[in-house]
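The lines below spell out each chain.
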Amino acid sequence: MLIVAYGFRYCAPFRRNLLNYATLLHSTSHLSSRFHYSRDSLSRMEHHRPSFSSHLGLAKTAFVLYLVILIHAAGSTTEEITCDPGKLGVAKATCDPDRYFSGSGIKKNSAMVGNLQRFGVISSQKVVEVMQTIDRALFVPNGASAYDDSPMGIGYNVTISAPHMHATCLQLLEEHLKPGMHALDVGSGTGYLTACFAVMVGPQGRAVGVEHIPELVSSSIENIQKSEAASYLKEGSLSVHVADGRLGWPEHAPYDAIHVGAAAPEIPGPLIEQLKPGGRLVIPVGNLFQELQVVDKNMDGSITVRSETSVRYVPLTSREAQLRGN
């Protein structure tokens, strides 16, 4: 186990091989784009690949599953887009796992955004503009490599997402973040994505951040005050609150866009209720295996759920469980 773990963290070819095994098992869940999510990812994978064990043998199947579990365990406090060559969704990234696991050494916010454009993660000019406007360096811990394409710890057993995940979520929600619209950011952390939402919906809209760690709410407000979103905070179209994000924030509902920055075992009912007809919710769902789910509420109130990509996030849980690291 130590050899495998070392290889995963420090040997790029070894990482690629492990990720190929993971993709072999897991990528078929993306081929059917519209479905109601299952709580049992392993059962779903077996449903899509009934002949896998006959090809490799039961022992090899068990070993591959072990490697996949090890991959997820090794990144238990981070999140990343899984390399999925067959996927042609928003994140049209070159199949190069290294760029999601290594620092980029980029020193400027504009260079970070340009890098995401070059790799095909960002295709929207509006997303380019908002990520250029809100400097990520203002929302990461002092001394951190702000522009590296990787998540980083911010204390309290949580992370700020990697830039490519922020870009992906902004693009998925772009049509629901137009001027005058309402947006909710659950698990707002350091306030980065909430600030981006505020810039996109403008002073006539409403951007709300919800975070259940009071210290993070206080520091996120300080971060926003240093950023280009400060005027929205002062004028009241942007606010951040201490609350259990699983319950949303009913005061400014319904929302055109809802983003959740932690993985829920299932989609919380209150968030569906607070989503406006025609609105969109983006949320990671799962435990061991997680998928970024895109939830669209139809005008008749029904919902459509599709899987965007495999991810790895910290769990959406209670404040007490989070502080314990559960």
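Residues numbered from 1 in each chain as written. Predicted model: local features only at pLDDT ≥ 70, side-chain atom pairs only at ≥ 80, totals over all residues. Heavy atoms only, no water.

With respect to burial, helix α9 (residues 192-201) is a largely interior element, 10 of its 10 residues being buried. The set of residues buried in α9 consists of Tyr192, Leu193, Thr194, Ala195, Cys196, Phe197, Ala198, Val199, Met200 and Val201. Taken from the residues just after α9, Gly202 is the one with a positive phi, measuring 75°. (Buried < 20%, exposed > 50% of the residue type's maximum accessible area, 1.4 Å probe, protein only. Helix = DSSP H or I, 4+ residues; strand = E, 2+ residues; numbered from the N terminus.)

A separate point is the packing of aromatic side chains. As enumerated under the stated definition, the model contains one aromatic pair in all. Each ring, one from Phe139 and one from Tyr192, has its centre 5.7 Å from the other, and the planes form 80°; the classification is edge-to-face. Taken as a pair, Phe139 in the loop between α7 (125-133) and β1 (152-155) and Tyr192 in helix α9 lie far apart in primary sequence, 53 residues in all. The two residues Phe139 and Tyr192 agree in class, both being buried. (Phe/Tyr/Trp six-rings, centres within 6.5 Å; stacked < 30°, edge-to-face > 60°.)

Within the secondary structure layout, Glu174 lies in the loop between α8 (163-173) and β3 (182-186). The side chain of Glu174 sits in the buried core without any salt bridge; Lys126 is the nearest counter-charge, 7.5 Å away. Leave out the neighbours within four places in its chain, and Glu174 touches Ser124, Lys126, Val127 and Met200. (Lys, Arg positive; Asp, Glu negative; His and termini not counted. Salt bridge = Lys/Arg side-chain N within 4 Å of Asp/Glu carboxyl O. Contact = heavy atoms within 4.5 Å.)

A separate point is the nonpolar core. Met131, Leu170, Leu177, Leu184 and Leu281 are the most contacted members of the largest nonpolar core, which totals 75 residues. Ranked by the residues each element gives to this core, the list is headed by α9, at nine residues. Leu281 has contacts with Ile258, Val260, Ile267, Leu271, Ile272, Leu275, Gln293, Val294 and Val295, leaving out every residue within four places of it along the chain. (Core = buried A, V, L, I, M, F, W, Y, C linked by side-chain atoms within 4.5 Å.)

Turning to the pairing of β3, a few remarks are in order. Burial of β3 is extensive: four of the five residues sit out of reach of the surface. Bridge count for β3 against strand β4 (residues 206-211) is five bridges, and the pairing is parallel. Residue pairing in the sheet places Asp185 in a bridge with Gly209 of β4. A crossover connection joins β3 to the parallel β4 through α9; in handedness this β-α-β unit is right-handed. For β3 and strand β6 (residues 255-260), the ladder comprises four bridges, and the chain directions are parallel. When the bridges of β6 are listed, Asp185 appears paired with His259. (Pairing = 2+ DSSP bridges. Right-handed = clockwise from strand over helix to strand, strands pointing away.)

Here we take up the pattern of salt bridges. Oppositely charged side chains can form a pair if their charged atoms are brought close together. Counting across every chain of the model gives five salt bridges. The partner of Arg306 in a salt bridge is Glu308, and the shortest N-O contact between them spans 2.6 Å. Glu308 matches Arg306 in its accessibility class, with the two residues each being buried.

Attention shifts here to the sheet that holds β6. Here we have seven strands laid out as an open sheet, ordered β5-β4-β3-β6-β7-β8-β9, and mixed in their pairing. Whereas interior strands pair on both sides, the edge strands pair on one side only; in this sheet they are β5 (238-242) and β9 (303-311). Sheet twist, expressed as the mean angle between neighbouring strand axes with direction ignored, is 15°. Packed on one face of the sheet, helix α10 (residues 214-225) meets β4 and β5 and runs near 165° to β5. (Axes fitted to C-alpha atoms, helices over the stretch in contact; angles between N-to-C directions.)

The subject of this paragraph is the packing of α8 against α9. Viewed as axis vectors pointing N to C, α8 and α9 meet at an angle of 35°, and their least axial separation amounts to 11 Å. As α8 runs across α9, the sense of the crossing is right-handed. Together, His166, Leu170 and Leu173 of α8 and Tyr192, Leu193, Cys196, Phe197 and Met200 of α9 make up the contact between the two elements. Grouping the constituent residues of the contact of α8 with α9 by class yields seven nonpolar, one polar and no charged. (Left-handed = near helix turned anticlockwise from the far one by under 90°. Nonpolar A, V, L, I, M, F, W, Y, C, P; charged D, E, K, R; others polar.)

Before going further, it helps to spend a moment on the environment of His164. Position of His164 relative to the elements: it lies in helix α8. Assessed through its relative accessible area of 0%, His164 is described here as buried. The spacing of His164 and Ser150 is 14 residues in sequence and 8.1 Å in space, taken between C-alpha atoms.

It is worth spelling out unusual backbone geometry at this point. Excluding glycine, residues mostly have negative phi values, and the peptide bonds linking residues are mostly trans. Here Ala253 and Pro254 are connected by a cis peptide whose omega angle stands at 0°. By the secondary structure assignment, Pro254 is in the loop between β5 and β6. One non-glycine residue with positive phi stands out, namely Tyr156, at about 60°. Positionally, Tyr156 belongs in the loop between β1 and β2 (158-160). Taking relative accessible area as the criterion, Tyr156 reaches 34% and is therefore assigned partly exposed. Even without glycine at this site, Asn157 takes up a positive phi of about 65°. Inspection of the secondary structure assignment puts Asn157 in the loop between β1 and β2. Look at Asn157 and you get partly exposed, because its relative accessible area is 44%.

Let us look at α7. Those residues of α7 that fall on the buried side of the exposure criterion are Val127, Val128, Val130 and Met131. Its buried side turned inward, α7 meets α6 (109-118), α8 and α9. For α7, the side-chain oxygen to backbone nitrogen distance between the N-cap and Lys126 is 3.2 Å, and the N-cap itself is Ser124. (Polar contact = N/O pair within 3.5 Å; in protein donor to acceptor, adjacent residues only side chain to side chain.)

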